[in-house]
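Single-letter residue listing:
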Amino acid sequence: MIEFDKQRLTETLAELVSIPSINPDLNPGAEGERQIAEFIAGRLRETPGIDVELQDAGNGRPNVIATVGSGSGRTLMLNGHIDTVGVAGMAAPFDPVVEDGRLYGRGSSDMKGADAVMMLLLEEIARAGDFPGRIVATFVVDEEYASIGTQAVCRDIGRWKPDAALVLEGTRLDVSIAHKGFVWATITTRGHAAHGSRYQKGIDAIAHMGRVIVELEALSKELVQRPKHRYVGPPSLHASLIRGGQELSSYPEECVLEIERRTVPGESDDQVHAEFQEILDRLAGEDPQFTATLEMGLVREPFEIAEDAEIVQIVRDQAAELLGHTPELTGGMGWMDSALLSGAGVPTAIFGPAGEGAHALEEWSDLDILHQFATVLAATSYAFCSDSR
Ligand SMILES: [Zn+2]
């Protein structure tokens, strides 16, 4: 059984936190993803038996893919992102501080703690030798914006053929088996521009959008009344951005509304499209002057894996043995890279350590729990990969 050196784990996490790796799409000009990728790759290359490569995820942004083990058993893919959100308002985001069993700093919880665990796990497995299967650890860029990192991994999934994957986002040592997806859409109402005095000629696109908004609000109330998904609750809908009109003394020619619909497992973007289109068709049927178009935008699929899936069972069994209690099955509200891996045909679950303040002004990782997480992850790796079914 692998023993993790707690001091080394803490030091590794501190080193990762001290390298700023803000997502460049959230903070233009940020270049830390490359710096942290090179740090991770350089450190892993020091241990014989770990294969390390940098994969261009797009625009030169590097994923680190590190592989260990050449046994005849199965392949487990691990996934952790190396980018963080921004740091506006934080006093010293990149000066890690350890206090009361916590390590503070941007990214400590989301999710450099898990990244540090992946690094130590690869090193320990390589040192131990004779691993029964293979671990493919993916340290990916851009989870906090458009997930081009995990998308690049999924494009090449045939190279690694993982039998299962674990996304190591924080779950407080529970196992998350579902999360919501989302769909963005743009609705545009078209009126007729005219001088404000020419009421016979003008058609008010903003007033027409008002009808759309009333309908969308009714739909949003209906959505949250629908049967709740056991782990993620009901679907929902909200307006996000609106603009319209040209000037005060004119009938507005156009109004544009952007909306977001959160989806639950089992729902599709086609269904969302049909719900929106039905509203616009009905309003057009009621008033020949009403003209509106619908354009669907980014779609991120919801995610779900069966409660009795093997990877879920193995994590729970190993955790029960090592921690003395069986992890709960949970669901997450936000979208994660798990949906992409699952969409690429890899049975995927989410299992990770505990902390607070992802995206907030104060962020920390619980170091005791991080150590427990490492122990369970190692046991899970051996248990899953030793089976060659
Ligand atoms: Zn995250």
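Summarised in this report is the structure supplied together with it. (Residues numbered from 1 in each chain as written. Predicted model: local features only at pLDDT ≥ 70, side-chain atom pairs only at ≥ 80, totals over all residues. Heavy atoms only, no water.)

### Side note on the pattern of salt bridges
Part 1 of the reasoning: This structure, assessed with the given rule, holds 26 salt bridges.
Part 2 of the reasoning: Its salt-bridge partner being Glu307, residue Arg230 comes within 2.9 Å of it at the nearest N-O pair. With Arg230 in the loop between helix H6 (205-223) and strand S11 (236-244) and Glu307 in the loop between strand S15 (303-304) and helix H8 (310-323), this residue pair connects regions lying 77 residues apart in the sequence.
Part 3 of the reasoning: Ionic pairing is found between Arg282 and Glu278, a salt bridge with its closest N-O pair at 2.9 Å. Here Glu278 and Arg282 lie together in helix H7 (residues 269-286), a separation of four residues that amounts to about one turn.
Part 4 of the reasoning: Arg282 sits in the partly exposed class, given a relative accessible area of 32%. (Salt bridge = Lys/Arg side-chain N within 4 Å of Asp/Glu carboxyl O. Helix = DSSP H or I, 4+ residues; strand = E, 2+ residues; numbered from the N terminus. Buried < 20%, exposed > 50% of the residue type's maximum accessible area, 1.4 Å probe, protein only.)

### Comments concerning the environment of Thr84
Part 1 of the reasoning: Its location among the elements puts Thr84 in the loop between strand S3 (75-81) and strand S4 (97-99).
Part 2 of the reasoning: Of the residues examined, Thr84 reaches a relative accessible area of 1% and is grouped as buried.
Part 3 of the reasoning: Taking the C-alpha atoms as reference points, Thr84 and Glu260, separated by 176 residues in sequence, lie 23 Å from one another.
Part 4 of the reasoning: With near-sequence residues (within four places) excluded, Thr84 lies in contact with Ser21, Ile22, Asn23, Leu26, Arg106, Gly107, Asp110, Lys112 and Glu144. (Contact = heavy atoms within 4.5 Å.)

### A short note on the packing of helix H1 (residues 6-18) against helix H10 (residues 367-385)
Part 1 of the reasoning: The contact between H1 and H10 brings their axes to 10 Å, and the two run at 110 degrees. In terms of orientation, H1 and H10 fall into the roughly perpendicular class. Contacts between H1 and H10 involve Lys6, Leu9, Thr10 and Leu13 on the former and, on the latter, Leu367, Asp368, Leu370 and His371.
Part 2 of the reasoning: Within the contact of H1 with H10, the residues separate by chemical class into four nonpolar, two polar and two charged. (Axes fitted to C-alpha atoms, helices over the stretch in contact; angles between N-to-C directions. Parallel < 35°, antiparallel > 145°, perpendicular 65-115°, else oblique. Nonpolar A, V, L, I, M, F, W, Y, C, P; charged D, E, K, R; others polar.)

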